[in-house]
Amino acid sequence: MPFTIVEKIIAAHCGDDVYAGATVWVELDVRAARDFGGANVVQNFEAHYAGQPVADAAKTFFTFDCVVPASNIPFADNQQLCREFAARQGIKVYDVDAGIGSHVLMEEGLARPGGTVVNTDSHMNIVGAIGCLGQGMGDADVAFAFRAGRTWLEVPASVKVVLKGKYKWPTTAKDLALAMLREFGSSGLLGRAVELYGPAAEALSVEERITVASMATEMGAIAIFVPPSEEVLEWCGGAAGIDVRGVYADEGASYEATYELDVDGLEPLVACPPSPANVKAVSEVAGKEIGSAFFGSCTNGRLEDFRAAARVLSGRPVAAGVVACAVPATRRIYGALLGEGLAEELFAAGFVVSNAGCGGCAQGQVGMTGRGEVQVSTSNRNFPGKQGAGETYLCSPATAAASVLMGTITDPREVI
Amino acid sequence: MAARPSALEGRVWPVVDAAGAYIDDVDTDQIYHNAHLAVTDMEEMGRYAFGNLGGWGDFPEKAKAGDILAVGANFGAGSSRQQAVDCFRALGVAGVVGVSFAPIYKRNAINAGWPLMECPDLSRLELAAGDVLRLNFKTGEAVNVTKGKTVPARPFSRVQLEIYVAGDLFAYGARLG
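All values derive from a computational prediction rather than experimental measurement. (Residues numbered from 1 in each chain as written. Chains lettered and ligands numbered in written order. Predicted model: local features only at pLDDT ≥ 70, side-chain atom pairs only at ≥ 80, totals over all residues.)

### Let's talk about the overall build of chain A
Counting its regular elements, chain A contains 15 helices and 18 strands. A compact globule built from 416 residues should have a C-alpha radius of gyration of about 22 Å, and chain A, at 20 Å, falls within 12% of that. Structurally, chain A occupies a C-alpha span of about 55 × 55 × 35 Å along its principal axes. When burial is assessed residue by residue, chain A has 59% of its 416 residues classed as buried. A separation of at least 24 residues holds for 75% of the contacts in chain A among residues at least 6 apart in sequence. (Helix = DSSP H or I, 4+ residues; strand = E, 2+ residues; numbered from the N terminus. Rg over C-alpha atoms; globule rule 2.2 N^0.38 Å. Buried ≥ 20, exposed ≤ 12 C-beta atoms within 10 Å, placed from the backbone. Contact = placed C-beta atoms within 7 Å.)

Here's what the structure looks like:
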């Protein structure tokens, strides 16, 4: 019988053929907790499983990325509580220097094509970018996963989204993600596993796939899977130091629906407050004065994203009165920024360049807004209060760079 | 712990509007308002059950231990708060049957070992407040004992049954070797 991607991944982790609608136990290749939620995981574990070991310490991790290094005592306390638990249990900690957990797990080859991962991170499904099934879960669920090594899932129905046509720079994968949000809204793909096809999907780089997959949560989807290309398999194989194979859907697999999305000549887009689905063309809001810009997050915190920003800036400075912050997703990327001279270039343009992590997106210390502050951000959420008290406009690194250059929301085509 | 029964029988509370129709999309703020999120004592949570659902504010006074809720489509939409399940458990409400449930609500109920059954044909049971309802988790039968009507519901999945039999998700985990 033919299967979809999610059905195949789950089947391989529960030892049984499964179809959409079945509820099954699923073995987890990776069980992780962040500094957000991690302390609650530990408390739940100690309350219910005192003196018992985690199922497999080698598959269990802490990934600190929210407030890193801690800038307040509650987060410092929580991180230390996790470290002490980890030491007792023999669990590896990716500490406050490592960067965003979901990215670290991919870079380390722990999240890999065909695998399964849970973490206390609602964007853990980002690993759909490399054909891996990730799910964000609450602290009780993750404490159980630490103990049992598995969790239960209801196998989601799958839908296909086929991209038609192509777009060109300075339109980027972020604009593609926003185009999907414009098309499907915050609930059009609710509870569905999405498989992305078409030449524009196949052509996406690893980093671009990460950007698109990172916004599955904002679309209400379980995950967005992009069938792994050769480049993706090499990237993951290199990270894992092993040969990896992609999991692909069978011909004739059952999809609840197939949607076509025309992205031909797509123009730069922006999601306006108060929600990621409130998508407009940049040209519709162009001229709005900004006070700050945040470059980073699991959506656009990779090296290519900073290269895109630098390409738009072309040595020109941030406009007077605008605060621009750059937060690389991981330490590895931070190192590359330093090594390539990009950190210096952004610094010279007037940026704050910080260490790796989630930044203001998780109410961390870099990139928070105050009441009345207007911000452009390359992150994924702009709900009231999410990235501070101000108004956040979500856009690509290219659009954010054009905007910091001019001090107003600006279509990057105007300045390159 | 004594074995938990594979069926439930009790007095039913159909969550209906003034016209007698099931209320769809009852969200977690209507079930357990966010003003009470700081409450950590489960007993106290019972006081606020349905506190923000029009016409249902007196439910905590009227509900008795062993009662069963019957609800409409997409019950428990909205936030992931566990209190929206625990407030009913605090009152001794024995379980819930519904046309359909929001996914996170369903996950929270299953993890808590609180019986939840999906029954798309619920309205055909013609349940009135106080009728006696019987739910069989294994066979998936829903019976209005008072009126002598039966409709099929979805039996518990193996996962749901294992967690329910153990008590809750944590108890299930504690039993693992």
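Having seen the model, we can carry on.
### Thoughts on the packing of helix H2 (residues 35-49) of chain A against helix H5 (residues 139-148) of chain A
Residues and elements named next belong to chain A. It is at 8 Å that the axes of H2 and H5 come closest, and there the two elements cross at 60 degrees. By the angle between their directions, the pair H2 and H5 is classed as oblique. When you trace H2 past H5, the crossing you get is right-handed. Only Asp139, Ala140, Val142, Ala143, Phe146 and Arg147 of H5 make contact with H2, whose side of the interface consists of Gly37, Asn40, Val41, Asn44, Phe45 and Tyr49. (Axes fitted to C-alpha atoms, helices over the stretch in contact; angles between N-to-C directions. Parallel < 35°, antiparallel > 145°, perpendicular 65-115°, else oblique. Left-handed = near helix turned anticlockwise from the far one by under 90°.)

### Focus: the domain arrangement of chain A
Residue and element names in this part refer to chain A. Domain parsing of chain A yields domain 1 (5-153), domain 2 (158-262) and domain 3 (269-414). Computed over C-alpha atoms, the centres of domain 2 and domain 3 are 23 Å apart. In this assembly, 17 residues from domain 2 lie in contact with 21 residues from domain 3. Those elements that provide at least two residues to the side of domain 2 that touches domain 3 are helix H6 (173-184) and helix H8 (206-214). With six residues, H6 is the largest single contributor of residues to the side of domain 2 that touches domain 3. In terms of residue class, the side of domain 2 that touches domain 3 is made up of six nonpolar, six polar and five charged. (Domains from an automatic or database assignment. Nonpolar A, V, L, I, M, F, W, Y, C, P; charged D, E, K, R; others polar.)

### So, the sheet that holds strand E6 (residues 133-136) of chain A
Residues and elements named next belong to chain A. The strand order across the open sheet formed by five strands is E4-E3-E2-E5-E6, and the pairing between neighbours is parallel. Where the open sheet ends on each side, the last strands, each with one partner, are strand E4 (92-94) and E6. Direction aside, neighbouring strands of the sheet carry axes that sit 20 degrees apart on average. Examined bridge by bridge, strand E2 (residues 30-34) and strand E5 (residues 116-119) share two bridges and lie parallel to one another. Paired with Arg31 across the strands is Val118, a residue of E5. Where H5 meets the sheet, it contacts E2, strand E3 (60-63) and E5, and its direction lies at approximately 140 degrees from that of E2. (Pairing = 2+ DSSP bridges.)

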